[in-house]
Amino acid sequence: MRKPIIAGNWKMYKTLDEAVAFIDALAGKLKETDKADIVICPPAPYLATLVEKSKGLPVRIGAQTMHEEVEGAFTGEISPTMLSSIGVEFVVLGHSERRQYYNETDESVNRKVKSAFEHKLTPIVCVGESLEQREGNATADIVSDQVKKAFSEISEKDAATAIVAYEPIWAIGTGRTATAEDANEVCAQIRAVLTDLYSDSVAQAIRIQYGGSVKPGNIKELLSMSDIDGALVGGASLDPESFTALAEAGVNV
Ligand code: PGA
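Along each chain, the written sequence defines residue order, and numbers are assigned to residues from 1. Where totals are concerned, whole chains, interfaces and linings use all residues; where local detail is concerned, this predicted model gives features only for residues with pLDDT of at least 70, and gives and counts side-chain atom pairs only at 80 or more. Note: side-chain values were computed over all heavy atoms of the structure, leaving out hydrogens and water.

Undergrad: If you had to explain the sheet that holds strand β2 (residues 37-41) to someone new, which residues and values would you point to?
TA: A pair of strands is treated as paired once DSSP finds two or more bridges between them. For helices the rule is a DSSP run of H or I covering at least 4 residues; for strands it is a run of E covering at least 2, with both sets numbered from the N terminus onward. Around the barrel, 8 strands lie side by side as β1-β2-β3-β4-β5-β6-β7-β8; this closed barrel has parallel pairing. Mean inter-strand twist for the sheet, computed between neighbouring axes without regard to direction, equals 25 degrees. The sheet contact formed by strand β3 (residues 60-63) and strand β4 (residues 90-93) spans 2 bridges and is parallel. Opposite alanine 63, over in β4, you have valine 91 as the bridge partner. Running at roughly 160 degrees to strand β5 (residues 122-127), helix α5 (residues 106-118) makes contact with β4 and β5 of the sheet. An axis is simply a line fitted to the C-alpha atoms; with a helix, the fit covers only the stretch in contact. Between two such axes, the angle follows the N-to-C directions and lies from 0 to 180 degrees. The criterion used for residue contact is that any of the two residues' heavy atoms lie within 4.5 Å.

Quick look at the structure:
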């Protein structure tokens, strides 16, 4: 069985005090475990603090995006070596909000995935269709294309350690979750694409998360599905009680 991975994507929420209070609140709730990977992706200014604060807790830290270059004249950007130098282990790449508002494309996502692996960061590669695409029965084509492009020229060895997050855009922040069956169907399609790109054993190793209005009330059913190995959670990851419930669902699959 693949180890479940529950990741909280805080987006652009919380002050530093709130972020620290969140980790303090988790300290009393989350027990050490090797049954699931629990990740928090806070806003960039808090990454270093939360890496330090989460030591000794079953929580690892991820960034929400990064630039593909190591350094250069790219005002406002954050490089992979900056992230790895402060102990960040994961990076969310190609989130639909980055694609929509910051012009990220399949090609730039692929460059970032390559760079993440070069610098020992585990990418959480986001893919997903819009409502229009779903209603036009284009989900499988769109998502397959995104996966193929994101993994272009990525070695088998690296690919096997990647995380893919299937996040239908119409389910993000809307309260509208895909049914567990629909979400699983697309996750299984993603695994089939990965089997074609690599091999059955590599595709079986890659963890595929579902994201889009995941909350304590629906996570168990999602995680019970054959091809859903975790969740990427926005809104419901902001509250320590709710995040703990999500993390526990991952531990108890
Ligand atoms: P949501 O966001 O859980 O608030 O729908 C998910 C995401 O954007 O990763």
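Undergrad: Give me the packing of helix α1 (residues 16-27) against helix α12 (residues 240-251): which residues, what numbers.
TA: Two elements in contact, α1 and α12, have axes separated by 10 Å at closest approach and are oriented at 50 degrees. Between α1 and α12, the interaxial angle falls into the category oblique. Crossing hand, α1 versus α12: right-handed. Contacts between α1 and α12 involve Phe22, Ala25 and Leu26 from the former and Pro240, Phe243 and Thr244 from the latter. The scheme is simple: roughly parallel for angles under 35 degrees, roughly antiparallel for over 145, roughly perpendicular for 65 to 115, oblique for anything else. The hand of a helix crossing depends on one turn: near helix anticlockwise from the far one by less than a right angle means left-handed, and clockwise means right-handed.

Undergrad: Quick rundown of the side chain of histidine 67? Include the residues and the values.
TA: Mapped onto the elements, histidine 67 comes out in the loop between β3 and α3 (80-85). Partly exposed describes any residue whose relative accessible area lies between the buried limit of under 20% and the exposed limit of over 50%, with all areas from a 1.4 Å probe on protein chains only and scaled to the type maximum. Among the residues examined, histidine 67 registers a relative accessible area of 12% and is labelled buried. At 2.9 Å, the side chain of histidine 67 forms a polar contact with the backbone nitrogen of glutamate 69. When near neighbours in sequence (up to four residues on either side) are disregarded, histidine 67 contacts Phe74, Glu77, Ile78, Ser79, Pro80 and Lys112. Each polar contact in these results corresponds to two N or O atoms within 3.5 Å; when the atoms are within protein, one needs to be able to donate a hydrogen and the other to accept it, and residues that are neighboring in sequence are counted only if both atoms are side-chain atoms.

Undergrad: Account for the pairing of β3, with residues named and values stated.
TA: Remark: a regular strand shows side chains that alternate across the two faces of the sheet. Taken together, the 2 bridges between β2 and β3 define a ladder with parallel strand orientation. Along β3, the bridge assignment pairs isoleucine 40 with isoleucine 61. Crossover handedness is defined here as right-handed if the route from the first strand over the helix to the second strand goes clockwise, with the strands pointing away from the viewer. Handedness of the β-α-β unit built from β2, helix α2 (residues 47-53) and β3 comes out right-handed. The parallel pair β3 and β4 is bridged by α3, and the resulting crossover is right-handed.

Undergrad: Run through the packing of aromatic side chains, naming residues and quoting values.
TA: Two aromatic rings, drawn from Phe, Tyr or Trp (for Trp, its six-membered ring), form a pair once their centres lie within 6.5 Å of each other, and the interplanar angle then sorts them: stacked below 30 degrees, edge-to-face above 60, tilted otherwise. By the definition in use, this model includes 5 aromatic pairs. Here tryptophan 10 and phenylalanine 22 contribute two aromatic rings whose centre-to-centre distance is 4.7 Å and whose plane-to-plane angle is 75 degrees, an arrangement assigned as edge-to-face. Here tryptophan 10 is found in the loop between β1 (5-9) and α1, whereas its partner phenylalanine 22 is found in helix α1, with 12 residues between them in sequence. Phenylalanine 22 shares its class with tryptophan 10; the two are buried. Within the aromatic cluster, the residues linked to one another by ring pairs are Trp10, Phe22 and Phe243.

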